[in-house]
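# Observations on chain architecture
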Amino acid sequence: QVQLAESGGGSVQPGGSLRLSCAASGYIYSTSRHCLAWFRQAPGKEREGVAGTSRDGRPRYSDSAKGRFTISKDNAGKTLYLQMDSLKPEDTAMYYCAAAVCSGLAGGMALAADMYHWWGQGTQVTVAS
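The following refers to the structure shown. Quantities reported herein were computed from a predicted structural model and do not represent experimental measurements. (Residues numbered from 1 in each chain as written. Predicted model: local features only at pLDDT ≥ 70, side-chain atom pairs only at ≥ 80, totals over all residues. Heavy atoms only, no water.)

## What about the overall build of the chain?
Helix and strand counts for the chain stand at zero helices and 11 strands. Computed over C-alpha atoms, the radius of gyration of the chain comes to 14 Å, within 12% of the 14 Å expected from 2.2 N^0.38 for 129 residues, which places it in the range of a compact globule. For the chain, the C-alpha atoms occupy an extent of roughly 40 × 30 × 25 Å along the three principal directions. Counting only contacts in the chain whose residues sit at least 6 apart along the sequence, the fraction spanning at least 24 positions is 62%. For the chain, the computed accessible surface area is about 6,600 Å², with 46% contributed by carbon and sulfur atoms. On the chain, the mean spot of the 13 positive side-chain charges and the mean spot of the 10 negative ones are 5 Å from each other. (Helix = DSSP H or I, 4+ residues; strand = E, 2+ residues; numbered from the N terminus. Rg over C-alpha atoms; globule rule 2.2 N^0.38 Å. Contact = heavy atoms within 4.5 Å. Areas by Shrake-Rupley, 256 points an atom, 1.4 Å probe, with all protein chains shown as cover. Lys, Arg positive; Asp, Glu negative; His and termini not counted. Charge placed at Lys NZ, Arg CZ, Asp CG, Glu CD.)

## Section: the environment of Trp119
In this structure, Trp119 sits in strand β10 (residues 118-119). For the pair Trp119 and Leu87, spaced 32 residues apart in sequence, the C-alpha separation works out to 24 Å. With near-sequence residues (within four places) excluded, Trp119 lies in contact with Leu4, Phe39, Arg47, Tyr96, Cys97, Ala98 and Ala113. Looking at Trp119, its side chain comes within polar contact range of the main-chain oxygen of Tyr116, at 3.3 Å. (Polar contact = N/O pair within 3.5 Å; in protein donor to acceptor, adjacent residues only side chain to side chain.)

## Examining the side chain of His34
Its place among the elements puts His34 in strand β4 (residues 34-41). Aside from chain neighbours lying at most four places away, what touches His34 is Val2, Ile28, Tyr29, Lys73, Ala100, Val101, Cys102 and Trp118.

## Thoughts on the nonpolar core
With 28 residues, the main nonpolar core has Leu4, Trp38, Val50, Phe69, Leu82, Met84 and Tyr95 as its most contacted residues. Elements represented by at least two residues in this core include exactly β3 (18-25), β4, β5 (48-53), β7 (69-73), β8 (79-84), β9 (93-101) and β11 (123-127). Considering each element in turn, this core owes the most residues, five residues, to β9. The next biggest cluster of nonpolar side chains, apart from the first, holds 10 residues, and it includes Phe39, Ala100, Ala110 and Tyr116. (Core = buried A, V, L, I, M, F, W, Y, C linked by side-chain atoms within 4.5 Å. Buried < 20%, exposed > 50% of the residue type's maximum accessible area, 1.4 Å probe, protein only.)

## Topic: the sheet that holds β8
Pairing within the open sheet is antiparallel, and its four strands lie in the order β1-β3-β8-β7. Each edge of the open sheet carries a strand with a single partner, namely β1 (3-7) and β7. Averaged over all adjacent pairs, the angle separating strand axes in this sheet is 15 degrees, with direction ignored. The sheet contact formed by β3 and β8 spans six bridges and is antiparallel. Paired with Ala23 across the two strands is Thr79, which belongs to β8. (Pairing = 2+ DSSP bridges. Axes fitted to C-alpha atoms, helices over the stretch in contact; angles between N-to-C directions.)

Any functional reading would require information beyond the geometric quantities listed.
Written out as structure tokens, the structure is:
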């Protein structure tokens, strides 16, 4: 099973920055086979894809995240990062790391939650004065 553990959440003022981390592990996890992405869910709202990559390796972002958030991996492919800059109150949510089989991600589906098989427990991000 693929295991995912998020960290780096916290409270920050509007305009501030946070960097989230997701450590991937497990017997079946393969950096060459699996793709990782970030999702978030705010109270009363649907789960939303924030940033991820399809099998073409190109990053894809939600309209809200584009220009402010950056997704990346470490060189070993074991840790996924989400650098969040210019944070807004509407970014407040529980942020989840998720993993999918890369070959199953067609173009435009990198942020489709139903494509992801494994999920972390989440890390809370709160943006407020």
